[in-house]
Amino acid sequence: MYSFMGGGLFCAWVGTILLVVATATDHWMQYRLSGSFAHQGLWRYCLGNKCYLQTESIGKAPGLGLGWGWAQSPPLRAHLCHLCGRWGTLWLREGKGATTAYWNATRAFMILSSLCATSGIIMGILAFAQQPTFTRLSRPFSAGIMFFASTFFVLLALAIYTGVTVSFLGRRFGDWRFSWSYILGWVALLMAFFAGIFYMCAYRMHECRRLSAPR
């Protein structure tokens, strides 16, 4: 039982760290724009040696709906023009709609996944001090549920990001690929899933021992 929980706790620690790194870094996608290298994450996109917030140049200048970044940064202007289209027009003129919802949904699910994984780690640590009197609430079971919830949320985030990137952004750039932050998200998903499996095995082993013990 404790060996399963130890393995689950290790996977949970690794998965949570990878979730935080993947959410915070700016290498979900990389591409070439006008011969220069560019990459983007959930919060910023970087052109050359400069990085900009995803919504930095939206809605600051009257009439155009664009801020100083549009006028002062030719690479930024080229980047925004390259994104123009049915979705890009909504993004540039309104700053809301489907594209903004896509970013917000991906961020929200990644953050929820990290929170569930952190809660699962806390429950997993407390499971080592499981008292026989606590029969109504099994801490290994609760930890396993939290890790499965974390897996579900990160899966939703990656599915949304993958679908929109392939169907929208992938069509705007000829030379592009997913980068290491995106890959870390999938590795974190596997770690959270295996953590849930380990803790559920520990729970089943604990239940079998409890039911087979003489009364």
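Just above sits the structure.
The structure displayed is predicted, hence computed values, not measured ones. (Residues numbered from 1 in each chain as written. Predicted model: local features only at pLDDT ≥ 70, side-chain atom pairs only at ≥ 80, totals over all residues. Heavy atoms only, no water.)

Trainee: Whenever I open this one, the packing of aromatic side chains confuses me. Can you help?
Mentor: Aromatic ring pairs are described here by two measures, namely the spacing of the ring centres and the angle between the planes. One pass over the full model with this rule turns up 13 aromatic pairs. Here the aromatic rings of Trp28 and Tyr182 are separated by 6.1 Å at their centres, their planes lie at 65°, and the arrangement is edge-to-face. Here Trp28 is found in the loop between α1 (2-24) and β1 (29-33), whereas its partner Tyr182 is found in helix α7 (residues 180-212), with 154 residues between them in sequence. For the ring pair Phe109 and Phe153, a centre distance of 6.1 Å and an interplane angle of 15° mean the geometry is stacked. One end of the pair, Phe109, is in helix α5 (residues 98-127); the other, Phe153, is in helix α6 (residues 139-172), with 44 residues separating them in the sequence. Classification of Phe109 by relative accessible area gives partly exposed; the value is 21%. (Phe/Tyr/Trp six-rings, centres within 6.5 Å; stacked < 30°, edge-to-face > 60°. Helix = DSSP H or I, 4+ residues; strand = E, 2+ residues; numbered from the N terminus. Buried < 20%, exposed > 50% of the residue type's maximum accessible area, 1.4 Å probe, protein only.)

Trainee: Any chance you could explain the environment of Ala127 here in plain terms?
Mentor: With respect to the secondary-structure elements, Ala127 resides in helix α5. A C-alpha to C-alpha distance of 8.1 Å links Ala127 and Ala143, two positions 16 residues apart in sequence. Those residues in contact with Ala127 that lie beyond four places of it in its chain are Met5, Arg139, Pro140 and Tyr199. (Contact = heavy atoms within 4.5 Å.)

Trainee: Can you walk me through the nonpolar core in this structure?
Mentor: Considering soluble globular proteins, one finds that nonpolar side chains tend to be buried as a cluster. Counting 23 residues, the largest nonpolar core has Leu19, Trp28, Leu42, Met110, Val154, Leu158 and Tyr161 as the members making the most contacts within it. Excluding residues that lie within four positions of it along the chain, Val154 makes contacts with Leu19, Phe109, Met110, Ser113, Gly185 and Leu189. Core analysis: the next-biggest nonpolar cluster, separate from the first, contains 13 residues, Met123, Phe147, Ala195 and Tyr199 among them. (Core = buried A, V, L, I, M, F, W, Y, C linked by side-chain atoms within 4.5 Å.)

Trainee: Got a minute to help me understand the pairing of strand β4 (residues 50-53) in this structure?
Mentor: Looking along a regular strand, one sees the side chains alternate between the two faces of the sheet. Of the strand pairs in this sheet, strand β3 (residues 44-47) and β4 are connected by four bridges, and their pairing is antiparallel. Each bridged residue has a counterpart across the sheet, and for Cys46 the counterpart in β4 is Cys51. What sits between the antiparallel neighbours β3 and β4 is a turn of two residues, in which Gly48 has the positive phi angle 70°. (Pairing = 2+ DSSP bridges.)

Trainee: Help me understand a nonpolar patch on the surface in this model?
Mentor: Together, Trp13, Ile17, Val21, Ile125 and Trp180 line one region of the surface with nonpolar side chains, adding up to about 480 Å² of accessible area. With three residues, the single largest contributor to the nonpolar patch is α1. Following the sequence through the fold, Val21 ends up in helix α1. (Patch = residues over 30% accessible without salt bridge, like charges linked within 9 Å, V, L, I, M, F, W, Y side chains within 5 Å. Areas by Shrake-Rupley, 256 points an atom, 1.4 Å probe, with all protein chains shown as cover. Salt bridge = Lys/Arg side-chain N within 4 Å of Asp/Glu carboxyl O.)

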